[in-house]
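Architecture and fold: a report
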Amino acid sequence: MTGHRVIARYRGRVQGVGFRATVLHHGSGLDVHGFVRNEPDGSVLLDVDGSKAHLNELLNRIESRPAGSIDDCDVTWQPSLGRDHGFSIG
């Protein structure tokens, strides 16, 4: 895995609508490692490592086929944490 990490915070109607499960499904077949979880402020946080191509593909899948309704998304690219333990709901 090359050294990339994406931290994305999704806001809108993203809790209680299957958003995290949908994000996990979108990660199927991609070599991404990290988690997606609900945050106390009502947002959903995605924090994953992977190749730039796989991370871009995941973000594109989420944007094109979301569960719920995304009003806003902040995406930050950082160096990889070197995670290799899979992708899960946190």
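Conventions we followed
- All residue numbers here refer to positions counted from 1 along the written sequence of the relevant chain.
- Per-residue local features are limited, in this predicted model, to residues with pLDDT of at least 70; the limit for side-chain atom pairs, both in listing and counting, is 80 or more; totals at the level of whole chains, interfaces and linings are taken over all residues.
- As a convention, hydrogens and water are excluded, and side-chain values are obtained from all of the structure's heavy atoms.
- Going along the chain from the N terminus, every DSSP run of H or I of four or more residues is numbered as a helix, and every run of E of two or more is numbered as a strand.
- Each helix should span, by expectation, one fewer than its residue count multiplied by 1.5 Å.
- Exposure classes here rest on a 1.4 Å probe applied to the protein chains alone. A residue is buried below 20% of its type maximum, exposed above 50%, and partly exposed in between.
- By arc we mean the arc of the directions from the helix axis to the C-beta atoms, nothing more.
- Whether two residues are in contact is decided by their heavy atoms, any of which lying within 4.5 Å being enough.
- Pairing of N or O atoms within 3.5 Å defines a polar contact, subject to two protein rules: one partner must be a possible hydrogen donor and the other a possible acceptor, and residues neighboring in sequence count only if both atoms are side-chain atoms.

1. Re helix α2 (residues 52–64)
Taking 1.5 Å per residue as the helical rise, α2 with its 13 residues ought to reach 18 Å, and the 18 Å between its terminal C-alpha atoms agrees with that figure. Restricting attention to buried positions, one finds in α2 the residues Leu55, Leu58, Leu59, Arg61 and Ile62. Viewed end-on, α2 has its buried residues packed into an arc of 160 degrees, placing them on one side of the element. More than 90 degrees from the buried face of α2, the exposed residues found are Ala53 and Glu63. Elements that come into contact with the buried residues of α2 comprise β1 (4–13), α1 (19–26), β2 (32–38), β3 (44–50), β4 (69–78) and β5 (87–89).

2. Considerations on the side chain of Ser43
Tracing the chain through its elements places Ser43 in the loop between β2 and β3. At a separation of 3.0 Å, a polar atom in the side chain of Ser43 contacts the side chain of Arg9. Looking at Ser43, its side chain comes within polar contact range of the side chain of Asp41, at 2.6 Å. Apart from the residues within four sequence positions on either side, Ser43 is in contact with Arg9, Tyr10, Arg11, Val14, Gln15, Arg37 and Asn38.

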